Amino acid sequence: MALLFSGWLISNAAFVVSALFLYRLTRVVLQDDEMARVSTLLYCFNPASVFMSSLYTESIFAMFTFGALFYLYTSREVIAVLFFMMATSTRSNGILAVGYIGWNVFLYIGKKYYSGISVKNVIHSVMKTMMGIIYVALIVSPYVGIQYYGYVLYCSDNPRPWCSKRIPSIYSFVQDFYW
């Protein structure tokens, strides 16, 4: 019973924190307090919010994702990447966050290009691209780690059918076989 209560408490606390991050993110992106309040209220009071208070990863994933986006939009990339990594640790679709990093790099290079081509701008663009590649690798690393762990655990002694695939994926197997 204590374990169920702990899970419920963690999910609800993460939901509250995710709502706070959404509010802060909306204020930063839209520069509008009223829109931030309305969007946060709509997020909190909608039919799907039942998943946020159940023993499920949705609220934890939302907390890390909204937090990462907030930190990314406030130019704190390292913290954003750590939050994206935690989101990917929580749910496999967290790997889609690499799109935000790619877009951020693309915008940076575009700004450097339009401010004039110089050796300094090219070097900064290359450095930003290299950091982007490192960030992408970090964001994807929890997914790869979980895949590797599943492979070592289930494909050593008595291999499951997914172990012999060209790119073995425990996620795909579980979704196909059990869902």
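What counts and what doesn't
- Residues numbered from 1 in each chain as written.
- Predicted model: local features only at pLDDT ≥ 70, side-chain atom pairs only at ≥ 80, totals over all residues.
- Heavy atoms only, no water.
- 1 Å grid on protein atoms, 1.4 Å probe; cavity = no way out; pocket = protein on both sides within 12 Å on 5 of 7 lines; lining within 4 Å.
- Points joined across faces, edges and corners; volume = space filled by probe spheres on them.
- Helix = DSSP H or I, 4+ residues; strand = E, 2+ residues; numbered from the N terminus.
- Salt bridge = Lys/Arg side-chain N within 4 Å of Asp/Glu carboxyl O.
- Buried < 20%, exposed > 50% of the residue type's maximum accessible area, 1.4 Å probe, protein only.
- Axes fitted to C-alpha atoms, helices over the stretch in contact; angles between N-to-C directions.
- Parallel < 35°, antiparallel > 145°, perpendicular 65-115°, else oblique.
- Left-handed = near helix turned anticlockwise from the far one by under 90°.
- Contact = heavy atoms within 4.5 Å.
- Nonpolar A, V, L, I, M, F, W, Y, C, P; charged D, E, K, R; others polar.
- Disulfide = S-S within 2.5 Å.

Colleague: Looking at this structure, I do not really get the layout of surface pockets. What am I missing?
Modeller: Any empty space left between atoms is shown by rolling a water-sized probe over those atoms. Approximately 370 Å³ is the volume found for the largest pocket. Taken together, 14 residues form the lining of the largest pocket, with Arg91, Ser92, Tyr171, Gln175 and Trp179 sitting closest to its centre. When contributions to the lining of the largest pocket are tallied by element, the ones reaching two or more residues are helix H4 (77-90) and helix H7 (170-178). Computed from the structure, the second largest pocket encloses a volume of approximately 310 Å³. Breaking the lining of the second largest pocket down by element, the ones donating at least two residues are helix H3 (58-73) and helix H5 (98-114). At 6 residues, H5 tops the list of elements feeding residues into the lining of the second largest pocket.

Colleague: Honestly, the pattern of salt bridges in this entry has me stumped. Any pointers?
Modeller: If the charged atoms of two oppositely charged side chains come close together, the side chains can form a pair. Under the counting rule described, the total for this entry stands at 4 salt bridges. We note a salt bridge from Arg37 to Glu34, for which the minimum N-O separation is 3.1 Å. Taken as a pair, Arg37 and Glu34 lie in helix H2 (residues 33-44) at a separation of 3 residues, close to a single helical turn. Classification of Glu34 as partly exposed rests on a relative accessible area of 44%.

Colleague: Teacher, can you tell me more about the packing of helix H1 (residues 2-30) against H2 here?
Modeller: Think of two packed helices as two axes; the pair is described by the angle between the axes and how far apart they sit. At a closest axis distance of 8 Å, the pairing of H1 and H2 adopts a crossing angle of 150 degrees. With respect to H2, the element H1 is oriented roughly antiparallel. Between H1 and H2 lies a crossing whose hand is right-handed. The segment H1 lies against H2, with Phe15, Ser18, Ala19, Leu22, Tyr23, Thr26, Arg27 and Leu30 engaging Asp33, Met35, Ala36, Arg37, Ser39, Thr40, Tyr43 and Cys44. Of the residues contributing to the contact of H1 with H2, the split by class is 9 nonpolar, 4 polar and 3 charged.

Colleague: Quick question: what am I supposed to make of empty space enclosed by the protein here?
Modeller: Counting across every chain of the model gives 1 cavity of 30 Å³ or more. Considering only enclosed or pocket space, the largest cavity measures out at about 30 Å³ in volume. Lining the largest cavity are Glu77, Ile101, Asn104, Val105, Lys128, Met131, Gly132 and Tyr135. Where the lining of the largest cavity is concerned, the elements lending two or more residues are H5 and helix H6 (119-154). Of all the elements, H6 adds the most residues to the lining of the largest cavity, at 4 residues.

Colleague: I'm lost on the state of the cysteines in this one. Help?
Modeller: Disulfides are covalent bonds that connect the sulfur atoms of two cysteines. Tallied over the entire structure, the rule returns 1 disulfide. Between Cys155 and Cys163 runs a disulfide, and the two sulfur atoms are separated by 1.7 Å. In this structure the cystine formed by Cys155 and Cys163 twists about its S-S bond by roughly -80 degrees; its chirality is therefore left-handed. Relative accessible area serves as the criterion here: at 11%, Cys155 is assigned to the buried category.

Don't take any of this as a statement about function, it's just geometry.
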